[in-house]
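# Topology and contacts: notes
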Amino acid sequence: QQQVRQSPQSLTVWEGETAILNCSYEDSTFNYFPWYQQFPGEGPALLISIRSVSDKKEDGRFTIFFNKREKKLSLHITDSQPGDSATYFCAASPSSNTNKVVFGTGTRLQVLP
Amino acid sequence: GALVYQYPRRTICKSGTSMRMECQAVGFQATSVAWYRQSPQKTFELIALSTVNSAIKYEQNFTQEKFPISHPNLSFSSMTVLNAYLEDRGLYLCGAGDWGTYEQYFGPGTRLTVL
């Protein structure tokens, strides 16, 4: 059973557009949600994260919107650049002292110039 | 900044042999280390979570007998894949975190190929 789901599986946008990546989860004990960016041949890099006490987290062109009631969140990438082309993983963790992170299946983003 | 290094980056072993991989945390205290395997289908499987001063917890389908892990201090961990077979292929990732913070930082992974 997939505890963290992502959609779409792949997404293509033009340079300058906003890419929206969706994520949903099952477990109500999850309270920390990191997004990781992974380029081919590399490990996942922490991109941005949000805790369940917040409904929005912004860092430059990357923004997380969080809806605790619906157990959904989304990552918005504004002014998308070709260098943003990567696979993005939504993840969730139940608490701070376990560091047990559950990953979604990823969204492969392609930004066309 | 927080960095995680993994060695080796790539390794090839014959079916039935074993190989050891290492994880080094720099710039923070790795009070917990999680080992994952990323399959060719790109999904992440949690193998085990090691927390300093606690027993290592293995996930279902993974055992200490197959994937022994060492976490001797706050900056280093190693895992061995014993008796490797084709189904053990993949990218093995080390994710290290510090108690009291939520962030978990990953290394670049060790890609295991089994012949």
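To keep things clear, this report deals only with the structure shown in the data block.

Rules behind the numbers
- Residues numbered from 1 in each chain as written.
- Chains lettered and ligands numbered in written order.
- Predicted model: local features only at pLDDT ≥ 70, side-chain atom pairs only at ≥ 80, totals over all residues.
- Heavy atoms only, no water.
- Helix = DSSP H or I, 4+ residues; strand = E, 2+ residues; numbered from the N terminus.
- Rg over C-alpha atoms; globule rule 2.2 N^0.38 Å.
- Buried < 20%, exposed > 50% of the residue type's maximum accessible area, 1.4 Å probe, protein only.
- Disulfide = S-S within 2.5 Å.
- Phe/Tyr/Trp six-rings, centres within 6.5 Å; stacked < 30°, edge-to-face > 60°.
- Lys NZ or Arg CZ within 6 Å of the ring centre and 35° of its normal.
- Pairing = 2+ DSSP bridges.
- Axes fitted to C-alpha atoms, helices over the stretch in contact; angles between N-to-C directions.

## Concerning the overall build of chain A
- Within chain A, the secondary structure is distributed over 0 helices and 11 strands.
- Radius of gyration (C-alpha) of chain A: 13 Å, near the 13 Å computed for a compact globule of 113 residues.
- If one aligns the C-alpha atoms of chain A with their principal axes, the spans along those axes are about 40 × 30 × 25 Å.
- Among the 113 residues that make up chain A, the fraction classed as buried is 45%.

## So, the state of the cysteines
- What the rule picks out here adds up to 2 disulfides over all chains.
- One disulfide bridge connects A:Cys23 with A:Cys90, the sulfur atoms lying 2.0 Å from each other. Around the S-S axis, the bridge from A:Cys23 to A:Cys90 shows a dihedral of about -70 degrees and counts as left-handed. In this pair, A:Cys23 is assigned in strand E3 (residues 19–25) and A:Cys90 in strand E9 (residues 86–92), connecting sequence segments 67 residues apart. The same class applies to A:Cys23 and to A:Cys90, which are both buried.
- A sulfur-sulfur distance of 1.9 Å marks the disulfide that ties B:Cys23 to B:Cys94. Taking the torsion about the sulfur-sulfur bond, which here is approximately -60 degrees, the covalent link between B:Cys23 and B:Cys94 counts as left-handed. One end of the pair, B:Cys23, is in strand E3 (residues 19–26); the other, B:Cys94, is in strand E9 (residues 90–97), with 71 residues separating them in the sequence. Taken as a pair, B:Cys23 and B:Cys94 share a single burial class, namely buried.
- In this model B:Cys13 remains outside any disulfide bridge; the closest cysteine sulfur is found in B:Cys94, 19 Å from its own.

## Some remarks on the packing of aromatic side chains
- Counted according to the given criterion, the structure contains 15 aromatic pairs over all chains.
- Ring geometry for A:Tyr36 and B:Phe106: centres 5.2 Å apart, planes at 90 degrees, overall edge-to-face. Remark: B:Phe106 occurs in strand E10 (residues 104–106) and A:Tyr36 occurs in strand E4 (residues 32–38); the pair is interchain, linking two chains.
- Residue A:Tyr36 is classed as buried on the basis of its relative accessible area, which comes to 0%.
- By the ring-pair criterion, three or more aromatic residues cluster together here, those being A:Tyr36, A:Phe89, A:Phe103, B:Tyr36, B:Phe44 and B:Phe106.
- Positioned above the aromatic ring of B:Phe67 is the side chain of B:Lys66, whose terminal nitrogen or guanidinium carbon lies 6.0 Å from the ring centre.

## Remarks on the sheet that holds E3(B)
Residue and element names in this part refer to chain B.
- Strand order in this open sheet of 4 strands is E1-E3-E8-E7, and the pairing throughout is antiparallel. Two strands lie at the open edges of the sheet, namely strand E1 (3–7) and strand E7 (69–73), each paired on one side alone. Geometrically, the sheet is characterised by an average inter-axis angle of 15 degrees between neighbouring strands, direction not taken into account.
- The pairing of E7 with strand E8 (residues 76–81) spans 3 bridges and is antiparallel. Paired with Ile-69 across the strands is Met-79, a residue of E8.

By themselves, these figures tell us nothing about what the structure is for.
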